[in-house]
Amino acid sequence: MIRKYLLPLLAAVGVAIAIVAVVIDNRPVSAARPAVQAPRPPFASYVSGAGIIEASSGNIAVGTPVSGIVTAIYVKWGDHVKPGDRLFSIDDRDLQARRLLALAGVKEGAARLAQARGQLRRAESVSDRRAISVEEMDNRRSAVAISEAALASAQAQVRQIRLEIDRRTVRALEPGQILQISIRPGEFAASGDLAATPLMLLGSDTRLYLRVDIDENDAWRVKPGAEAMAFVRGNPDLRTPLRFERIDPYVVPKTALTGNSTERVDTRVLQVVYSFDPAALPAAYIGQQMGVFIQTASGTAPPRPAAGPP
């Protein structure tokens, strides 16, 4: 008896479950609110673009004039340096060895010069001029001149080696903040192209610049001196007005803002440079991307010139 009604009962339960599942799946899904609200444009007519923060002096990629092993680093991240401050040094033991030889050459040259001058002085002190021939006197005077030149050459060699040793210590040429350090003591630092990975990066942070990429299709709408507003990505409440600095007059291929100058996309952009006070946005850092709205006069294209006679 139970088996007779068990299969129909299970079938009815399965149909009921299927109906409930279909009803649940067909219910309208409420749209999920974005985690971060998009910033509202502050202008009635505007163009927008992505900008990247850079130092007012430009991001200075520090290199080394000679390749070698890094022996010391004198700064750390965030330090502020002045022109002439030491940044890091390269192994100079080979130059120190050459310097010892050059100093010994200076002593030898000084001794030879003293010997030549003594011989000349004794020859000149002879009362009887017939005792020493004119040729001998000329030879002794020439020996003094040759010794003086040899000593000057040895001294110049010492100064040259000292300059080479000084070149092994890389110093700051501009004031700024240490933004990045990509070397460690004991690593090999190569001289040459630093576009990919600079040994050290520094720049002035007294005022930050914002380089904004404007699509070439909207470039005609941007006017010099236009007002602009920047927003921190992820928090539209963090905003600051910008001060116009300049427009780079050369339209360039758009760079994917990753810091790698070789990454390109099939778009050309006009770069507009603005600036702002770092105190206005303490959460803004050099290299950070920001959203920017630039005010425009109108959203219509300029009138075309009238066609001339055929």
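Anything mentioned here points back to the structure above.
Residues numbered from 1 in each chain as written. Predicted model: local features only at pLDDT ≥ 70, side-chain atom pairs only at ≥ 80, totals over all residues. Heavy atoms only, no water.

Visitor: Explanation requested: the pattern of salt bridges in the structure shown.
Guide: Note that side chains of opposite charge can pair when their charged atoms are close. Counting across every chain of the model gives 14 salt bridges. Linking Glu148 and Arg117 is a salt bridge whose minimum nitrogen-to-oxygen distance equals 3.0 Å. Taken together, the residues span a long stretch of sequence, with Glu148 in helix H3 (residues 134-167) and Arg117 in helix H2 (residues 93-125) at a distance of 31 residues. Judged by its relative accessible area of 36%, Glu148 falls in the partly exposed class. Connected through salt bridges with shared partners, the residues Glu54, Arg211, Arg246 and Asp248 form a single ionic network. (Salt bridge = Lys/Arg side-chain N within 4 Å of Asp/Glu carboxyl O. Helix = DSSP H or I, 4+ residues; strand = E, 2+ residues; numbered from the N terminus. Buried < 20%, exposed > 50% of the residue type's maximum accessible area, 1.4 Å probe, protein only.)

Visitor: So what exactly am I meant to see when it comes to the packing of H2 against H3 here?
Guide: Each pair of packed helices gets described by two things: the angle between the helix axes and the distance between those axes. Put simply, H2 and H3 touch, their axes get as near as 8 Å, and they point 160° apart. Looking at the two axes, H2 sits roughly antiparallel to H3. Crossing handedness for the pair H2 and H3: left-handed. (Axes fitted to C-alpha atoms, helices over the stretch in contact; angles between N-to-C directions. Parallel < 35°, antiparallel > 145°, perpendicular 65-115°, else oblique. Left-handed = near helix turned anticlockwise from the far one by under 90°.)

Visitor: Sorry if this is basic, but what is going on with the environment of Ala190 here?
Guide: Within the fold, Ala190 resides in the loop between strand E8 (188-189) and strand E9 (200-203). Ala190 sits in the partly exposed class, given a relative accessible area of 38%. Taking the C-alpha atoms as reference points, Ala190 and Ile69, 121 residues apart in sequence, are found 8.8 Å from one another. Leave out the neighbours within four places in its chain, and Ala190 touches Thr64, Ser67 and Leu199. (Contact = heavy atoms within 4.5 Å.)

Visitor: What am I meant to see in the sheet that holds strand E7 (residues 176-181) here?
Guide: By way of backbone hydrogen bonds, the strands of a sheet pair with one another, either parallel or antiparallel. Spatial ordering of the open sheet is given by E2-E9-E7-E4, a layout of four strands whose pairing is antiparallel. For this open sheet the edge positions go to strand E2 (60-62) and strand E4 (80-81), each flanked by a neighbour on one side alone. Taken together, the two bridges between E4 and E7 define a ladder with antiparallel strand orientation. The partner of Val81 across the bridge, within E7, is Gly176. (Pairing = 2+ DSSP bridges.)

Visitor: Any chance you could explain the nonpolar core here in plain terms?
Guide: One broad rule of soluble globular proteins: the nonpolar side chains tend to lie buried together. Counting 22 residues, the largest nonpolar core has Leu210, Leu242, Tyr274, Phe276, Met290, Val292 and Ile294 as the members making the most contacts within it. Of all the elements in the fold, those that place two or more residues in this core are strand E1 (46-55), strand E10 (208-215), strand E11 (228-232), strand E14 (264-276) and strand E15 (289-295). When neighbours within four sequence positions are excluded, Leu210 is seen to be in contact with Gly51, Ile52, Ile53, Ala230, Leu242, Val272, Val273, Tyr274, Met290 and Val292. Membership of the second largest hydrophobic core comes to 16 residues, among which are Val70, Val75, Val170 and Ala189. (Core = buried A, V, L, I, M, F, W, Y, C linked by side-chain atoms within 4.5 Å.)

Visitor: It is not clear to me how the environment of Val81 should be interpreted in this structure. Could you clarify?
Guide: Its place among the elements puts Val81 in strand E4. Excluding anything up to four places from it in sequence, Val81 contacts Val75, Leu87, Ala172, Glu174, Pro175, Gly176 and Ile178.

Visitor: Where do I start with the side chain of Ser147 in this structure?
Guide: Examined against the element boundaries, Ser147 turns out to sit in helix H3. Ignoring any residue separated from it by four or fewer positions in sequence, one finds Ser147 in contact with Gly109, Arg112, Leu113 and Ala116.

Visitor: Would you explain H2 in this entry?
Guide: The α-helix winds at 3.6 residues per turn, so residues separated by three or four positions along the chain end up facing the same way. Taking 1.5 Å per residue, 33 residues should reach 48 Å; H2 reaches 48 Å between its end C-alpha atoms and fits that length. Every buried residue of H2 is accounted for by Leu95, Ala102, Val106, Gly109, Leu113, Ala116, Gly118, Leu120 and Ala123. Contact partners of the buried residues in H2: H3. (Expected span 1.5 Å × (residues − 1).)

Visitor: I would appreciate a short explanation of the sheet that holds strand E5 (residues 86-90) in the present structure.
Guide: The four strands are arranged E6-E5-E3-E8 in an open sheet whose pairing can be described as antiparallel. The open sheet has two edge strands, strand E6 (169-171) and E8, and neither has a second partner. Here three bridges tie E5 to E6, and the two strands are oriented antiparallel to one another. Its bridge partner lying in E6, Phe88 is registered against Val170.

Visitor: Any chance you could explain the side chain of Arg168 here in plain terms?
Guide: For Arg168, the location among the structural elements is in the loop between H3 and E6. A distance of 2.5 Å separates a polar side-chain atom of Arg168 from the backbone oxygen of Asp91. Those residues in contact with Arg168, other than ones at most four positions away along the chain, are Val66, Phe88, Ser89, Ile90, Asp91, Asp92, Asp94 and Leu95. (Polar contact = N/O pair within 3.5 Å; in protein donor to acceptor, adjacent residues only side chain to side chain.)

Visitor: Can you walk me through H3 in this structure?
Guide: Taking 1.5 Å per residue, 34 residues should reach 50 Å; H3 reaches 49 Å between its end C-alpha atoms and fits that length. Residues Met137, Val144, Ser147, Leu151, Ala154, Val158, Ile161 and Ile165 constitute the buried set of H3. For H3, the elements touching its buried residues are H2 and E6.

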